[in-house]
Amino acid sequence: MNKQRLKLNRRILVMALLIYGALFVVVAKLGQVQLIDSGEMTEKAYGQWTKDYWTQGERGEIYDRGGKVLAENIVSQTVIATPEMIEDKASFATAFSELLELDPLEVLDKLDTERSEVILREDLTLDEIQILMSSDLSGIEIRKKNKRFYPYHEFAAHILGFTNYDGVGQYGLERYYDAYLTGTPGRVMKMTDAGNNNVLFNLDRSIQAEDGQNLITSLDMELQELAEDEALTIAQRTQAKQVQILVMDVNRGEILSAAAFPNYDGNAPTTFLWNPEAPSDLNAEKIEEWNKKPWSEINEEIYHLWRTPYIMDSYEPGSTFKTLVAAAALEEARVNQNEVFYCDGFVRQIRGADIRCWSWEHPHGAETFSDGLANSCNEVFVEVGQRLGVDTFYRYLDQFGLNRLTGVDLRGEQAGIYAKPEDINAVELATMSFGQGFQLTPLQLLTGFNAILNGGYLIEPHLVTKIANNEGKVVESFEPNILRQAVSRETSDELRWMLRKVVEEGTGKRADLKGYQIGGKTGTAQKLINGSYEDGAVIASFIAAAPMDSPKYSVLIIVDEPQGELTGGGSTSGYASSRLLAFLLDKNGY
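About the thresholds
Numbering of residues begins from 1 in every chain and follows the order in which that chain's sequence is written. The predicted nature of this model means local features are confined to residues of pLDDT at least 70 and side-chain atom pairs, given and counted, to a pLDDT of 80 or more, with totals for whole chains, interfaces and linings taken over all residues. Neither water nor hydrogens contribute to the side-chain values; these are computed over all heavy atoms in the structure. Exposure above 30% relative accessible area and no salt bridge define the residues that can form patches, which grow by joining like charges within 9 Å and nonpolar side chains of Val, Leu, Ile, Met, Phe, Trp and Tyr within 5 Å. Working definition of accessibility: Shrake-Rupley area with a 1.4 Å probe, residue cover restricted to the visible protein chains. Salt bridge, as used here, is a side-chain nitrogen of Lys or Arg placed within 4 Å of a carboxyl oxygen of Asp or Glu. Positive: Lys, Arg. Negative: Asp, Glu. His and the chain ends are not part of the count. Charged groups are reduced to one reference atom each: NZ for lysine, CZ for arginine, CG for aspartic acid, CD for glutamic acid. Secondary structure follows DSSP: runs of H or I at least 4 residues long count as helices, runs of E at least 2 residues long count as strands, and numbering of each begins at the N terminus. Accessible area is worked out with a 1.4 Å probe on protein chains only. A residue is then buried under 20% of its type maximum, exposed over 50%, and partly exposed in between. A pair of strands is considered paired only if DSSP assigns at least 2 bridges between the two. Axis definition: a line fit to C-alpha positions, over the contact stretch in the case of helices; interaxial angles, taken between N-to-C directions, run 0 to 180 degrees. The contact definition used throughout considers only heavy atoms, calling two residues in contact when any of these lie within 4.5 Å. The term disulfide is used for any two cysteine sulfur atoms that are within 2.5 Å. Here a polar contact is taken to be a pair of N or O atoms separated by no more than 3.5 Å, where protein atoms must pair a possible hydrogen donor with a possible acceptor and residues adjacent in sequence count only if both atoms sit in side chains.

A. Quick look at a negative patch on the surface. Among the surface-exposed residues, D103, E106, D109 and D112 lie close enough to one another that they form a single negatively charged patch. The residue E106 is located in helix α4 (residues 104-111) in this model. Look at E106 and you get exposed, because its relative accessible area is 52%.

B. Seen up close, the sheet that holds strand β16 (residues 519-529). Strand order in this open sheet of 5 strands is β9-β8-β18-β17-β16, and the pairing throughout is antiparallel. The sheet is open, and its two borders are formed by β9 (255-261) and β16, each paired with just one other strand. Strand-to-strand twist across the sheet, computed as the mean angle between neighbouring axes with direction ignored, equals 10°. Each of β16 and β17 (532-546) touches helix α18 (residues 489-505); the most contacted strand, β16, lies at about 80° to it. Across the face of the sheet, helix α19 (residues 569-587) comes into contact with β8 (242-249), β9, β16, β17 and β18 (553-560) while running at roughly 150° to β18.

C. Representation of the state of the cysteines in the model. Summed over the entire model, instances satisfying the criterion amount to 0 disulfides. The structure places no disulfide on C357, whose sulfur is separated from the nearest cysteine sulfur, that of C377, by 4.0 Å. Given the relative accessible area of 0%, C377 is considered buried.

D. Just the side chain of E561, in detail. Assignment of secondary structure puts E561 in the loop between β18 and α19. Engagement of the side chain of E561 in a polar contact is seen with the side chain of K527, the distance being 2.9 Å. In contact with E561, other than residues within four places in its own chain, are Q239, A240, K241, K527, I529, A537 and V538.

Here it is in structure tokens:
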């Protein structure tokens, strides 16, 4: 009996020890969780219950000078997935794909990530939103996202630029003023259940995002539409590789229009609108072929298309540059407009040099300096260049801002390309005098040209005139920035009427429009390709302004490799220049 009781007591003791041991383990574990691991466990639980993500305020809008919206935001509905909340990713991918008619393998590939959130579909339609909301899929959320939209599509694309998926400016004004446009990010923190639904006791710790600021530009979209039409018309008529048009306010440095063909649509910047091999032929089949090619085969052409040609692509200006040589010579009193020269078709001042006037088969004969500009006579300007000499010639390159950046509010600007003054010989100075043997950008030339029209002042070119907040309050404004006086008012006054004569009597007759007093200068330069001048390849251009009694607006048109019989600057661009200037003068009551 005692033995049985002893045996029973031992069993009870063992059971008690086991129970107490288990209780000790549980208590110890609870103690560890409560005292030692409490911070880590709380953090894990909080991480499972809460959703935490950054938000961005609306990107600032971009306007033209008259208040027309050039870049705005539209709401895009996006479905976001949280992969860690989806247990069976394969089944989810199949079900989700069936709802929205997608490829399940692509959806599954997106879910196979360590990222906390992934985008499954953007730009949802109302029907798609309804379908998803009616489904029993868990781990997804529909969010609103601001998306950039350019209502004028390809118009002024090289000036506006575009944004990437994250809303960061990539080119043009979007990039230069990205910090102003972006605003301040906010943060959303909310509590959710296992189905990604907001819980009733949600603790909102969100930080409100601040919207970006708006840009008011100097662009005139009515003028821009006309310039885009003119660029396309010229390209089709001449089968040129590229056409550029710049229009500026002579007295304020404001860029009123900047059109280039070929261009792109900022809403779909990786889509070709034109055949990159021959953009002017408008071949729809070729364009479609290019758009079907993989990125690896088209990226070079796309990157080239995105370049801002007015500030990134330099070229030899040809005879349009004679306007600045004439201004320097008049300012330095090396010539007067009535001095008589003689053109026999050949430059004979420089021994051993085979330099001819463009009209060498029909020489100009006796002509005044003013006639020489109207006739675009190379002989006259070679003589004037020799009188100036290398040092003075280069000093005026600096005076007109041609050997430095203009300072325009765009990224990626290039300076001109010139040999060092000490490396210039008589032959090179001669060719530079009529605009060959060096390179500058279109904006550099037009900015320098403006200086010989407005009384001699070199003004920094710019695009944005004001920055305003969403209430319309101007927080920053930009007034014209006069860099220096390049030539005197007397020289400016004298040269204006010489330029008027070019259009009335000389090579620029196609730009003459009764009642508008247009003055300008033609240019046709041999094109440098891979280090040498190629026969038949030219860059034709025309630079002009109006009205000549008190210039208000200037225009530069550049046509790259025009084809056909008429490839000069006047024949390719004269009419278009006059139409653009007349439009502005009529619109603004001059």
